Amino acid sequence: MQGLRERIDKIFGEVMAVKSISNTENERNIEDYIDKYISEIPYWQEHKDRFGKWEIKGDFLKRRVNWALVKGDSPETIIIFHHHDTVDIEDYGKLKDIAFDNLALKKHLQELGISSDAAADVKSDDWIFGRGACDMKAALAVHLAVSEIYAGELSPKVGLLFLSVGDEEVYSQGMRSAVELLADLRDRFKLRYLIAIDSEPFETDLPATKKLSVGTVGKLMPVIVAQGIISHIKEPTKGINAITLLNHVIQKIDLNPELAEFTKSEMTPVPSWLMARDLKQSYDVSTALQAAGYFSVLHLNTSPNEIMAKIIKLARAAVDEFFPEFLQLQEIYGVAHDIAKPQVITYRELREKCAALPGFDAFDVKFREEEAADFRRGVDFQNLTIGNIRKLLEFYGHKEAFIVIALAPPYYPAMNCRNLKDTELDIVKFMELYEAFLLNKYACELQIEEHFMGICDLSYCALEKDVGEYMAVQDSLAVSPELYQLNFKVLAQLNIPGVNLGPRGKDLHKYTERVYAPDLHTTVPEFLLFLLHHYESVLREN
């Protein structure tokens, strides 16, 4: 029987050769590889009901979530999970054909121009290059090898659930769908989830330092659509330019520390707009009727309800500053004050206004059909959101100035294991176990991060706050539930402590992406096996 390192190398070499670019049909290729590999392991040949592929509902690419369960003597179950999709390979340029081949890349990367650090790593056996090497097919290989070895044990004490999900690099459809899978498996096999371990890579310049994240940052993407009142450019004060209106909102929000969070050890970035533009289709001499933009808000402890309330308050403050100045300009140019003050409303409020009008039901059917068709042809959630707001404004038909505030998917809840209640895991004991393991076996030190700041699927393991604190998300998402599913109630019921414990990596998403081989071969897989054999030491005392 192959040893741990040999299995990892075999799996890693094979999965690196399987192209699985995110949000493409070839993600199914890696699903098929994983399913076939598991089906050939004796344990799962004997227990065919303990592995499979879970359908992602409504996914037009027909992707699935791979899972495999080793049932333990106790109901406690440890989850190890990762994503098997990768970002694209366009940045490899002329080396795209060898983007997944470590040895070939080491021979040719110099042709693209690389840093001195990357050049040194090319010459080292400690680093393995290739798209997805560290983000995150190394984790796939580690988790599958560990699962295979553990499945061969005669009487495993604790259960082990292997999960491999897709679409993490785009919309996290895989892990969002896995929320329902985890609930199904829990009920079907009478499981109690102890911990979920994601194995995203970490970056550090210190080889003897490993990182453990006991939580993950949250992410919201507010979308603002401003509607003005058209006027000829020679008489701009006879209307309201949507660009002017949006610009006032941008100035209130951009780089505003009120929307950042600061703790003793961490801080989130201030928000900065990712896109802002008018929505004209072609040039003319009229002011803009509509303009739109969006930005990200990363958060740690603040609830979505609180964040949305702050954004609404800032938008209203922007209007309060703009409108008196606008009225003064009308006075100067002798224009009558017959334009009402712009209204600030949420997407839900706009939809409710429309729902009260005759013909809405028929409009809504067509609205949903067009939305689904746009998504299938590749329109992203941000532009779907903007388009949906514009359609509602057109149906509403009021020639008034508005600022409409919505959210675009995907949404990532913030989570920290320290803040979860009623769990069997003692997170401090877990940290101490990993720290002692690293020190005693590898003379490495452990650095604790309260939140993984790279945004990851740990967000879908538990909710820190009451479900009601997330209602602003449900109310403000401007795409239909058929296209974007996130079951907050089930997620709250799962309440699984989640940590990120992965290998060291460098240059994620770059053509010099690479993973640290010692972590791939020993550090991470050996600790996972150690944890499985010592899980009782991280249980909370009653």
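## A short note on the overall build of the protein
Link 1 in the chain: In terms of helices and strands, the protein carries 16 helices and 20 strands.
Link 2 in the chain: Taking 2.2 N^0.38 as the reference for a compact globule, 542 residues should give roughly 24 Å; the C-alpha atoms of the protein span a radius of gyration of 26 Å, in line with that estimate.
Link 3 in the chain: Over its C-alpha atoms, taken along the principal directions, the protein stretches across nearly 90 × 55 × 45 Å.
Link 4 in the chain: Counting only residues that meet the buried cut, the protein has 58% of its 542 residues in that class.
Link 5 in the chain: Summarising the internal contacts of the protein: among those between residues at least 6 apart in sequence, 79% fall at separations of at least 24.

## Concerning the sheet that holds strand β12 (residues 290–295)
Paired through backbone hydrogen bonds, the strands of a sheet run either parallel or antiparallel to each other.
Link 1 in the chain: Strand order in the open sheet formed by five strands is β11-β12-β10-β15-β14, with mixed pairing between adjacent strands. Each end of this open sheet is capped by a strand with a single partner; those strands are β11 (273–278) and β14 (343–346). Shown here is a sheet whose adjacent strand axes are inclined to one another by a mean of 15°, direction ignored.
Link 2 in the chain: Both strand β10 (residues 222–227) and strand β15 (residues 402–407) contribute to a ladder of six bridges, which runs antiparallel. Looking across to β15, one finds that Ala226 is bridged to Ile403.
Link 3 in the chain: Across the sheet, helix α8 (residues 242–253) touches β10, β11, β12 and β15, and the angle it forms with β11 is around 165°.

## Observations regarding empty space enclosed by the protein
Link 1 in the chain: All told, the structure shown has four cavities of 30 Å³ or more when counted by the stated rule.
Link 2 in the chain: Within this model, the largest cavity holds a volume of roughly 60 Å³.
Link 3 in the chain: In this structure, the largest cavity is lined by Glu258, Leu259, Ala260, Glu261, Val297, Leu298, His299, Thr302, Ile307 and Lys310.
Link 4 in the chain: For the lining of the largest cavity, the secondary-structure elements that each account for two or more residues are β13 (297–299) and α9 (304–332).
Link 5 in the chain: Ranked by residues supplied to the lining of the largest cavity, first place goes to β13 with three residues.
Link 6 in the chain: Broken down by class, the residue content of the lining of the largest cavity amounts to five nonpolar, two polar and three charged.
Link 7 in the chain: Computed from the structure, the second largest cavity encloses a volume of approximately 40 Å³.
Link 8 in the chain: His299, Leu300, Asn301, Thr302, Ser303, Pro304, Ala414, Glu464, Lys465 and Tyr470 together form the lining of the second largest cavity.
Link 9 in the chain: The residue inventory of the lining of the second largest cavity, partitioned by class, reads four nonpolar, four polar and two charged.

## Examining the pattern of salt bridges
Link 1 in the chain: Taken as a whole and assessed by the stated rule, the structure comprises 39 salt bridges.
Link 2 in the chain: Glu424 serves as the salt-bridge partner of Arg192, at 2.8 Å between the closest nitrogen and oxygen. Residue Arg192 is located in strand β6 (residues 192–198), and its partner Glu424 is located in the loop between β16 (415–416) and α13 (427–442); the two are separated by 232 residues in the primary sequence.
Link 3 in the chain: Residue classification places Glu424 among the partly exposed positions, given a relative accessible area of 28%.

## Brief notes about helix α6 (residues 133–151)
One full turn of an α-helix is made of 3.6 residues, so residues set three or four places apart face in the same direction.
Link 1 in the chain: Taking 1.5 Å of rise per residue, the 19 residues of α6 would be expected to cover 27 Å, and the 25 Å separating its terminal C-alpha atoms lies within 8% of that figure.
Link 2 in the chain: Judged by how many residues are buried, α6 sits mostly within the fold: 18 of 19 residues are covered.

Definitions and cut-offs
- Residues numbered from 1 in each chain as written.
- Predicted model: local features only at pLDDT ≥ 70, side-chain atom pairs only at ≥ 80, totals over all residues.
- Heavy atoms only, no water.
- Helix = DSSP H or I, 4+ residues; strand = E, 2+ residues; numbered from the N terminus.
- Rg over C-alpha atoms; globule rule 2.2 N^0.38 Å.
- Buried < 20%, exposed > 50% of the residue type's maximum accessible area, 1.4 Å probe, protein only.
- Contact = heavy atoms within 4.5 Å.
- Pairing = 2+ DSSP bridges.
- Axes fitted to C-alpha atoms, helices over the stretch in contact; angles between N-to-C directions.
- 1 Å grid on protein atoms, 1.4 Å probe; cavity = no way out; pocket = protein on both sides within 12 Å on 5 of 7 lines; lining within 4 Å.
- Points joined across faces, edges and corners; volume = space filled by probe spheres on them.
- Nonpolar A, V, L, I, M, F, W, Y, C, P; charged D, E, K, R; others polar.
- Salt bridge = Lys/Arg side-chain N within 4 Å of Asp/Glu carboxyl O.
- Expected span 1.5 Å × (residues − 1).

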